[in-house]
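Below, each chain spelled out in residue letters.
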Amino acid sequence: MTIEDLTRYRLHFHKTKELRYIGHLDLHRSIERMLRRAELPVDYSKGFNPRMKLNLSTALPLGCSSTTELADFWLLTDLGEEEVFLRLLNATPPALDLKEVEKIDLKSPALQTMITGATYRVEILESINRTKLGEKIDEFLRAESLERTRRGKVYDLRPLVRTLEIAQETGTHQYLKMLLQVGEGHTGRPEEVLLQLELNPANCLIERTHLHFSSEEQGISET
Amino acid sequence: METLTDQARLPILKRIVPKLPQPVTRFIVPFVGITHNRIPIEIMRGCTRGCRFCQAGMITRPVRERPLDEVVAAIEEALAHTGIDEVGLLSLSSSDYDDILPLVEKVSERFSDRKIKISLPSLRIESVSVQLMDLLQGQSSRAGFTLAPEAATERMREIINKPVSSEQLLETAREIYSRGWHTIKLYFMIGHPSETLDDVKAIADLCKSVLAEGRKIIGKRAKVHAGVSTFIPKPHTPFQWVPCDSVEQIEAKQALLKQQLRGRGLKLNWNNPEETMLEAWLSRGDRRMSAVIERAWQLGAKFDAWQEHFAYGIWQDAFSQLNISPDFYTHRERPIDETLPWDHIDAGVKKQFLTEDYLWSEQGRTRIDCRERCFACGILPKYANMRRENPGEIWECPEVRSPARKQLLKTIPVIQP
């Protein structure tokens, strides 16, 4: 086995249905198992306790679904995108929808360092006055800072929210769309935004719809 | 006992399979972390050692082994179906599996480069066990090596029929420390029949001797963790008649251990004596216990296995309100001829065998591994037909000579030359 054979793959998948209740670490383990079931020649870390080399994109808050999840893994033998995809297709756990497998440059930076923002779409399941909601959003966006306390820590929510708007109405419910900051120590959480808008997160369905990479930074303001 | 239908005949004989069924290799793979998060493959059912305290060893007879190829195929299949990275090869005494070395060699050769962790619990106290673990664990971290001497003096080990010499234990310990493990976990029980405080102190002394061996080999990194649980006599065992220790006796023994097992490299775990009492009442209770359980529930007993919810007082109240003495179940030496609450269940082992074994224990007489010599525990006559139809190595019991065949020989006409 030579180093040249090492290839890096990126998995695109949706986290749907019951999988929304499964936390980040459990999802990580589930994907490890999926890769083993698929019998892929996955690379492991060296040392006394070898661990499968697997990087997930930024953690999705518990309770949210997503149509934009990513996971990177490395293979010791290059099997080709199609073969890897087919093998994985037979090994997925329920509610994990596999969309694509893509070969990635080995030198490409780690997933977590590349993602700088995430777009969420929120379906509000209770009936709500659209005008009043609009006013609250305006107030939110006008604010210089919005101090909140989470797990006993005081922080400013405002700079973590890049955009926030009422999305196009498509049914009986109202939808929100928000683009939140992602980065170590400064990641916006959608349910915190909802609480600030005096909405109950338990009455909302939150879905992550897009991850923003640092390379596409310039396009972000338009999203 | 009242029978509801004529077809019900007492005692009720347990049903057994002549050959272990295929292990389950397609099972639910939970998303969240669970305890025992591994693929369990039973390699053998039953045990030929005959430890007198062990209920599993008595009620799972006869010993049936799963063929090596079937074990390997089952692991392969379960890995493909579940993706779980850990396999437990289960049995009551893994070292006694006939092909244990070939099994471990094959498994480690086949699965080690796939980063699959294989665990092999219940190993005997002998250096072969250390070689087995060495083969299985490869370069992975060596957290702890577990051995279960159960008692610390030769006298106690003869009473419980687990004859392992202290020298054998120390030798095994030396082997373990020198092969890269830093921690040895030793499992003991207090409360064996006729145990004295000297026998208990010997537990502490033995732990210290093991630690001293470790110090000689790897210095101050050596550790000994002693897990000392309290023996509770169980039905269908040779100890089903013996009283168990009172809370006060248990506390005195534990206090001695706590005082003795102190200092660097030593750690002691023990059971709450009041929780032990609950287990003891439930283990050998009769039908009146169901009223006690109901009353305790009415008084608020719930989630008793969770320490923060366990309330000893509630159980004592339940007993006293129903005018039942808990000591009747726990602290009384039961006469040999007493009708026991579980006598209507026949686990295949003759009561006469259990009685004899109980009397032998009082004399310190031991029995060797029953693969070497059959002690006529009663399994074979009860399942003679099954054994006859399933000859060979799949059972550890001797083969049954076929009376059917003898008859056949008699009726074959002699051909005159």
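Scroll up for the structure.
Here we summarise the structure given alongside this text. Keep in mind that what you see is a predicted model, and the values were worked out from it rather than measured. (Residues numbered from 1 in each chain as written. Chains lettered and ligands numbered in written order. Predicted model: local features only at pLDDT ≥ 70, side-chain atom pairs only at ≥ 80, totals over all residues. Heavy atoms only, no water.)

Further remarks concern the sheet that holds strand 5 (residues 86-90) of chain B. Residue and element names in this part refer to chain B. The parallel open sheet is built from three strands, whose spatial order is 2-5-6. The sheet terminates laterally at strand 2 (39-42) and strand 6 (117-119), the two strands that pair on one side only. Taken over all neighbouring pairs, the strand axes of this sheet differ in orientation by 20° on average, direction set aside. Pairing geometry for strand 2 and strand 5, over four bridges, is parallel. Bridge assignment links I41 to a residue of strand 5, and that residue is L89. (Pairing = 2+ DSSP bridges. Helix = DSSP H or I, 4+ residues; strand = E, 2+ residues; numbered from the N terminus. Axes fitted to C-alpha atoms, helices over the stretch in contact; angles between N-to-C directions.)

What follows covers the packing of helix 2 (residues 68-82) of chain B against helix 3 (residues 100-111) of chain B. All names here are of chain B. Close contact between helix 2 and helix 3 brings their axes to 10 Å; oriented N to C, the two are set at 30°. Taken as axis vectors, helix 2 and helix 3 run roughly parallel relative to one another. Viewed along their axes, helix 2 and helix 3 form a crossing whose handedness is right-handed. Packed against helix 2, whose contacting residues are L68, D69, V71, V72, I75, E76 and L79, the element helix 3 presents P102, L103, K106, V107, R110 and F111 at the interface. Across the contact of helix 2 with helix 3, the residue classes tally to nine nonpolar, no polar and four charged. (Parallel < 35°, antiparallel > 145°, perpendicular 65-115°, else oblique. Left-handed = near helix turned anticlockwise from the far one by under 90°. Contact = heavy atoms within 4.5 Å. Nonpolar A, V, L, I, M, F, W, Y, C, P; charged D, E, K, R; others polar.)

Attention now moves to the nonpolar core. For soluble globular proteins, nonpolar side chains are generally found buried alongside one another. Core analysis: the biggest nonpolar cluster contains 79 residues, and L89 and L103 of chain B have the highest contact counts within it. For this core, the leading source of residues is helix 7 (residues 197-218) of chain B, giving nine residues. When sequence neighbours within four positions are dropped, the list of residues in contact with L103 of chain B reads I43, L68, V71, V72, L89 and Y97 of chain B. If you look at the next biggest cluster of nonpolar residues, it comprises 30 residues, including L60, L70, V122 and I166 of chain A. (Core = buried A, V, L, I, M, F, W, Y, C linked by side-chain atoms within 4.5 Å. Buried < 20%, exposed > 50% of the residue type's maximum accessible area, 1.4 Å probe, protein only.)

This part is about the interface of chain B and chain A. Across the boundary between the two partners, chain B contributes 19 residues, which contact 15 residues of chain A. If you sort the residues of chain B by the area they bury against chain A, F31, G83 and K115 of chain B come out on top, with a joint share of 44%. Viewed at the interface, chain A and chain B are joined by zero salt bridges. On the surface where chain B and chain A come into contact, there are four residue pairs in polar contact (both at pLDDT 80 or more). Looking at the side of chain B that touches chain A residue by residue, the class counts come to eight nonpolar, eight polar and three charged. (Buried area = accessible area lost by both parts, 1.4 Å probe. Salt bridge = Lys/Arg side-chain N within 4 Å of Asp/Glu carboxyl O. Polar contact = N/O pair within 3.5 Å; in protein donor to acceptor, adjacent residues only side chain to side chain.)

Our focus in this paragraph is unusual backbone geometry. Glycine aside, the phi torsion of most residues is negative, and most peptide linkages are trans. With omega at -5°, the peptide bond leading from L10 of chain B into P11 of chain B counts as cis. In this structure, the amide linkage connecting R61 of chain B to the following residue, P62 of chain B, adopts the cis form with an omega of 0°. For P62 of chain B, the position within the fold is in the loop between helix 1 (55-59) and strand 4 (64-65). Despite not being glycine, E39 of chain A has its phi angle at roughly 55°, a positive value. Residue position: E39 of chain A is located in the loop between helix 1 (24-37) and strand 2 (54-56). You will see that H236 of chain B, though not glycine, has its phi angle at about 65°, which is positive. Following the sequence through the fold, H236 of chain B ends up in the loop between strand 9 (223-230) and helix 8 (247-260). Judged by its relative accessible area of 14%, H236 of chain B falls in the buried class.

Before going further, it helps to spend a moment on a positive patch on the surface. All names here are of chain B. A contiguous patch of positive charge on the surface is contributed by R215, K220, K223 and R264. Within the element layout of this structure, K223 appears in strand 9. By relative accessible area, K223 is classed as partly exposed at 38%. (Patch = residues over 30% accessible without salt bridge, like charges linked within 9 Å, V, L, I, M, F, W, Y side chains within 5 Å. Areas by Shrake-Rupley, 256 points an atom, 1.4 Å probe, with all protein chains shown as cover. Lys, Arg positive; Asp, Glu negative; His and termini not counted. Charge placed at Lys NZ, Arg CZ, Asp CG, Glu CD.)

A complete count under the given rule lists 46 salt bridges over all chains for this structure. Two residues, R36 of chain A and E32 of chain A, come together in a salt bridge whose shortest N-O distance is 3.9 Å. Linking R36 of chain A with E32 of chain A, this pair stays in helix 1, spanning four residues, or about one helical turn. Each member of the pair, R36 of chain A as well as E32 of chain A, carries the same accessibility label: buried. Residue E154 of chain B is joined to R157 of chain B by a salt bridge in which the shortest nitrogen-to-oxygen separation is 3.5 Å. With E154 of chain B and R157 of chain B both in helix 5 (residues 154-160) and three residues apart, the pair spans about one turn of that helix. In this structure R157 of chain B comes out as buried when scored by relative accessible area, which is 2%.

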